[in-house]
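An overview of the molecular structure
This is what each chain is made of:
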Amino acid sequence: MHNSFYALGFVFSLSALAIPGCHKDEGSAKPVLAAPGAVIPVAADERGFTPAAVETQQGSKLTLRFTRTTDATCADKVVFPEAGIEKDLPLNQPVDVEVPTGKARTLGFQCGMGMFKSAVLVR
């Protein structure tokens with residue numbers, strides 16, 4: 001019976017590796033500084049959204065260009081809950097999102113399941 005527990009654990013470990021899903025690799029969250037009018041590329045991949053944070057000036061135009069590069073996560077859409085923005089992210093196709101910068105705040109964005117979370121810092 002002792003060996004069957006090891007075998008069962010091994011099978012569950014292998015099955016977890018084979019199932020795509022959401023996970024967040026906690027990396028550096030140092031924001032990318034965006035000049036007024038900038039278009040910032042954001043990758044949606046196994047690590048979540050990269051860069052994890054973007055900083056811009058209040059009132060400046062900012063576009064985030066999202067490109068999903070994997071099917072191995074739940075990041076098939078991007079949602080800005082506070083701003084009411086939700087966009088599908090088709091695989092390997094850039095999707096532009098105009099970010100509202102009218103007031104100073106931290107504007108969060110996330111995948112559709114809320115597992116990958118990132119932010120725009122409007123100063």
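Our subject is the structure listed above.
Summarised in this report is the structure supplied together with it. Keep in mind that what you see is a predicted model, and the values were worked out from it rather than measured.

1. Observations regarding the overall build of the chain
Broken down by element type, the chain carries 1 helix and 10 strands. Starting at the N terminus, the α and β elements of the chain follow one another as α-β-β-β-β-β-β-β-β-β-β. Here the chain holds 123 residues, and the buried ones make up 36% of them. Once local pairs closer than 6 in sequence are excluded, the contacts in the chain between residues at least 24 apart make up 57%. As displayed, the chain offers around 7200 Å² of accessible surface, 58% of which is attributable to carbon and sulfur atoms.

2. Regarding the sheet that holds strand β5 (residues 62-68)
Read from one edge to the other, the open sheet built from 4 strands follows the order β3-β2-β5-β8, with strand pairing classed as mixed. Both outer strands of the open sheet, β3 (48-50) and β8 (95-98), are each paired with one neighbouring strand and no more. When the angles between neighbouring strand axes are averaged without regard to direction, this sheet yields 30°. Pairing geometry for strand β2 (residues 38-45) and β3, over 3 bridges, is antiparallel. Residue pairing across strands places D45 opposite G48, the latter belonging to β3.

3. What to know about the nonpolar core
Counting residues in hydrophobic clusters, the biggest one holds 25 residues, and the most contacted among them are F49, L64, F66, F80 and V120. Counting residues per element, the ones that place at least two in this core are β2, β5, β6 (77-80), β8, β9 (105-111) and β10 (117-122). Of all the elements, β2 adds the most residues to this core, at 4 residues. Setting aside chain neighbours within four positions, we find L64 in contact with I40, V42, V54, F80, V95, D96, V97, V99, F109 and V120.

4. Re the sheet that holds β9
Spatially, β1-β4-β10-β9-β6-β7 is the arrangement adopted by the 6 strands of the open sheet, whose pairing is mixed. Every other strand in the sheet has two partners, leaving β1 (32-33) and β7 (85-88) as the edge strands with one partner each. Pairing between strand β4 (residues 53-56) and β10: 4 bridges, direction parallel. Counted as the bridge partner of A53 is A119 from β10.

5. Considering the side chain of T73
Looking at where T73 falls in the secondary structure, it is placed in the loop between β5 and β6. T73 sits in the buried class, given a relative accessible area of 9%. A polar contact of 3.2 Å, which involves the side chain of T73, links it to the backbone nitrogen of A75.

6. Let's talk about the state of the cysteines
Counted according to the given criterion, the structure contains 0 disulfides. The thiol of C111 is not disulfide-bonded; the next cysteine sulfur, from C74, is found 3.4 Å away.

7. Section: unusual backbone geometry
A cis geometry characterises the amide bond from T50 onward to P51, with omega recorded as 5°. Position of P51 relative to the elements: it lies in the loop between β3 and β4. For N92, which is not glycine, the phi dihedral falls at a positive 60°. Note that N92 resides in the loop between β7 and β8. For N92, a relative accessible area of 53% corresponds to the exposed category.

What counts, and at which threshold
- Residues numbered from 1 in each chain as written.
- Predicted model: local features only at pLDDT ≥ 70, side-chain atom pairs only at ≥ 80, totals over all residues.
- Heavy atoms only, no water.
- Helix = DSSP H or I, 4+ residues; strand = E, 2+ residues; numbered from the N terminus.
- Buried < 20%, exposed > 50% of the residue type's maximum accessible area, 1.4 Å probe, protein only.
- Contact = heavy atoms within 4.5 Å.
- Areas by Shrake-Rupley, 256 points an atom, 1.4 Å probe, with all protein chains shown as cover.
- Pairing = 2+ DSSP bridges.
- Axes fitted to C-alpha atoms, helices over the stretch in contact; angles between N-to-C directions.
- Core = buried A, V, L, I, M, F, W, Y, C linked by side-chain atoms within 4.5 Å.
- Polar contact = N/O pair within 3.5 Å; in protein donor to acceptor, adjacent residues only side chain to side chain.
- Disulfide = S-S within 2.5 Å.

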